[in-house]
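Commentary on secondary and tertiary structure
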Amino acid sequence: MRRLCTPWVVVVVAACGGGRADVRHGGDLAPPQTEGLIVADDVAGRLARLAPVEIDVADELIGDELRPALQKLVEAAAVIDELYLAQVSEGNAALRARLAAEPAMADALAYFDVMYGPWDRLAEGEPFVGSERRPEGVTFYPRDLTREAFQGYVEAHPAERDALTSYFTVIRREGDALRAVPYSEAYRDPLERAARLLEEAAAVSSDERLARYLRLRAEAFRTNDYFDSDVAWLELGDGPIEVVIGPYEVYEDQLMNMKASFEAFITIRDPEATAQLQTVSSLAEQLELALPVAEGHRNLERGSTRPIAVAYELVTAGDARAGVQTLAFNLPNDERVREEHGYKLVLLRNVLQAKYDLILVPIAGRLVEPTLLAEMSFEAFLNNTLMHEVAHGLGPGRIRRPDGTQTDVNRELRDLYSTIEEAKADIVGLFCSQWMIQNGHLDRAMERPLYATFLGGFFRSVRFGATEAHGQANVIQFNYLLERGAIRTAGEGRYAIDYGRIREGVSDLARELLAIEGDGDYARARAFVDRYGTPTEELLRGLGTLSGIPVDIRPSYPAAARVLAAR
Ligand code: ZN
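Throughout, a residue's number is its position along its own chain's written sequence, starting from 1. Selection of residues for local features in this predicted model requires a pLDDT of at least 70, selection of side-chain atom pairs for listing and counting requires 80 or more, and totals for whole chains, interfaces and linings are taken over all residues. As a rule here, side-chain values cover all heavy atoms of the structure and leave hydrogens and water aside.

1. A few points about the sheet that holds strand β10 (residues 308–318)
Pairing between two strands requires that DSSP report at least two bridges joining them. Note on conventions: DSSP H or I runs of at least 4 residues are helices, E runs of at least 2 residues are strands, and numbering of each starts at the N terminus. Overall, mixed pairing links the five strands, which are arranged β8-β9-β10-β12-β11 in an open sheet. Every interior strand has two partners, whereas the edge strands, β8 (241–247) and β11 (328–331), have only one. Each neighbouring strand pair of the sheet contributes to a mean axis angle of 35°, computed without reference to strand direction. When β10 meets strand β12 (residues 344–348), the two strands line up parallel, connected through four bridges. Its bridge partner lying in β12, Ala311 is registered against Leu348. Here, two residues are considered to be in contact whenever any of their heavy atoms come within 4.5 Å of each other. For every element, the axis is a line fit to its C-alpha atoms; helices are fit only across the contacting stretch, and the angle between N-to-C directions ranges from 0 to 180 degrees. Where helix α2 (residues 59–88) meets the sheet, its contacts fall on β8, β9 (262–269) and β10, and the angle it forms with β9 comes to roughly 165°.

In structure tokens, the structure reads:
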């Protein structure tokens, strides 16, 4: 729900076709374990769309001091992994063992490990092992329970509503009744093991706030009450270990979008980027004052930008590791915690780097003019990503109607809000980078790379869906800047930046988007999206040439392995 902000997090991948056939077992030598197991015949091709990559962390960042706690946390993550696999399907552990027993099933096993089960998360959940359809509510509900029946039951039993609709219960049948079983009971054994490991990590950690979070989270695993530990996570501060572990996202529950899946992110804070973010935070008010927006629309009440951390991913587990790899997460999800205590965004630097190298650069290699390609850099990409997030906190939020009453941008722009807000975050982010360059807060040598990398990023964002908010937001920016001559065609289906026009183009587009938001003007937003939101034929042709480029990465974690090996 809330993990999705940076464009890469949401990737809707077109279902890949391909029929299924019996796997060839090598005649009579087929071991009995996989007898009758049907595997999609294109599983090797599906696996090949995910580029294998080592997500690593330099040993200097880990050091002898952090290692003991990290060892326990990596072990706890492994428990979460096992728990999540069972949340997806009760049969998963046995099915995985069958695949692992058969060398000819190596690709299917590798793909199973990405998907955490037999259903392809990049093909709308269709089975690639066996033929059983994915139950919408996986293991969270009785298989035969429909949405309507569940809702009807909840209506008829108001006293049980909270328990039945909790994020942290599974629903079981008892005769004609439905019973809500707390996670602490349903998953008692793995949660107890994970809790002990968190307590052991706390005992060897010199970071008191981290130790407090870990102890409270261990308690939550036993009591099923996550509130205090969610708050403690927000109070972690700037310690070197940034970890989140527990039940969070509800995507797996496609029946009700209600039950949370277990996941873990074990990460090490990036001191360099954290310092850069502190600089940007300290400039928040000046940036707000610099925006090309009417005085009445300036938002000087937000106080500061929202908390953002940049970290290196050491290892992830469970829901965080399944399918498309997350490059940022924004937690907690509990609205009560968010209202009272806020939330925090963590960007995963080494994951960003891997996607930049393995996906963005190859895409730009086909669609961006070669001289511009040479100007792109990961540093610029990281900067653009950070500034996109910072820009979400700038500009109109709460707005005043002409009659004096208050409303907010989100409510006024309705279905167009996400598209306009994402375009605003990109463009205002770029505008702010430019302002920082002009005012000596960012190296002038970054100027061209920022724009070149920005252009390269467009194509990646629209690749999987010009209709989804991030994709459409990018189409709008692209078409607007093309019309203004700030982006130009460069022959052979390639594009370039006109450095003489880009600054003005960005500034004008920022002014337009901020005015739409500041006025809460739905009609103007509609007209703007209608005018600029459709990709040109030429752009679509260009996107059509990208089919051989990976759609995502498939990580391994050598630094986590080194941490464990040092036990
Ligand atoms: Zn965003």
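2. Things to note about the nonpolar core
Ranked by internal contacts, the top residues of the largest apolar core, which has 169 residues, are Leu70, Phe150, Tyr213, Phe221, Leu314, Leu455 and Phe459. Source of the domain bounds: an automatic or database domain assignment. Counting residues domain by domain, this core receives three or more from each of domain 1 (1–21 + 31–131 + 190–282 + 303–342 + 560–567) and domain 2 (284–297 + 349–535). We call a set of buried Ala, Val, Leu, Ile, Met, Phe, Trp, Tyr and Cys residues a nonpolar core when their side-chain atoms join them within 4.5 Å. Relative accessibility thresholds used throughout: buried, under 20% of the residue-type maximum; exposed, over 50%; partly exposed, between the two (1.4 Å probe, protein chains only). By size, the runner-up hydrophobic cluster in this structure holds 27 residues, among which are Leu50, Phe112, Val114 and Val324.

3. A word on helix α16 (residues 378–392)
In this model, α16 (15 residues) spans 21 Å end to end at C-alpha, consistent with the 21 Å of a helix rising 1.5 Å per residue. The buried fraction of α16 is high, at 14 of 15 residues. Helix span is expected to be 1.5 Å times the residue number reduced by one.

4. Quick word on the environment of Leu255
The topology assignment puts Leu255 in the loop between β8 and β9. Considered as a pair, Leu255 and Phe112 are 143 residues apart in the sequence and their alpha carbons are 22 Å apart. Those residues in contact with Leu255 that sit more than four places away from it in its chain are Glu136, Gly137, Tyr141, Leu145, Thr146 and Arg147.

5. A few points about the side chain of Ser507
On the secondary structure map, Ser507 appears in helix α21 (residues 502–519). Not counting chain neighbours up to four residues away, the residues in contact with Ser507 comprise Pro292 and Phe431.

6. Focus on the domain arrangement of the chain
On domain assignment, one finds that the chain holds domain 1 (1–21 + 31–131 + 190–282 + 303–342 + 560–567) and domain 2 (284–297 + 349–535). Buried area between domain 1 and domain 2, summed over both chains or domains, comes out near 2800 Å², and the portion from carbon and sulfur atoms is 67%. Each reported salt bridge corresponds to a side-chain nitrogen of Lys or Arg within 4 Å of a carboxyl oxygen of Asp or Glu. Connecting domain 1 to domain 2 are one salt bridge. Here Arg349 and Asp270 are joined by a salt bridge, their closest N and O atoms 2.6 Å apart. We call two N or O atoms a polar contact when they sit within 3.5 Å, provided that within protein one can donate a hydrogen and the other can accept it, with sequence-adjacent residues counted only if both atoms are side-chain atoms. Run the count over domain 1 and domain 2 and you get eight residue pairs in polar contact (both at pLDDT 80 or more). When two parts are brought into contact, each loses some accessible area as probed by a 1.4 Å sphere; the total of that loss over both is the buried area.

7. Focus: the pattern of salt bridges
What the rule picks out here adds up to 47 salt bridges. Residue Arg298 pairs with Glu295 through a salt bridge whose shortest N-O separation is 3.0 Å. Overlapping salt bridges, with partners in common, bring together Asp42, Arg46, Asp120 and Glu126 in one network.

8. Focus: the packing of α21 against helix α22 (residues 522–532)
Taken N-terminus to C-terminus, the directions of α21 and α22 make an angle of 145°; their axes are 8 Å apart at the nearest point. The segment α21 lies against α22, with Leu509, Glu512, Leu513, Ala515, Ile516 and Asp519 engaging Arg524, Ala525 and Phe528.

9. Considerations on the packing of helix α3 (residues 92–100) against helix α4 (residues 106–115)
Where α3 contacts α4, the two axes come as close as 9 Å, and the packing angle between them is 150°. With respect to α4, the element α3 is oriented roughly antiparallel. Every pair of crossing elements has a handedness; the one defined by α3 and α4 is left-handed. Contacts between α3 and α4 involve Asn92, Leu95, Arg96, Leu99 and Ala100 from the first element and Ala108, Leu109, Phe112 and Asp113 from the second. Residues belonging to the contact of α3 with α4 are distributed by class as follows: six nonpolar, one polar and two charged. Reported orientations rely on four angle classes, namely roughly parallel under 35 degrees, roughly antiparallel over 145, roughly perpendicular from 65 to 115, and oblique for the rest. Handedness of a helix crossing follows the sense of rotation of the near helix relative to the far helix, less than a right angle counterclockwise being left-handed and clockwise being right-handed. Ten residues, namely Ala, Val, Leu, Ile, Met, Phe, Trp, Tyr, Cys and Pro, are considered nonpolar, four, namely Asp, Glu, Lys and Arg, are considered charged, and the remaining ones, Gly among them, are considered polar.

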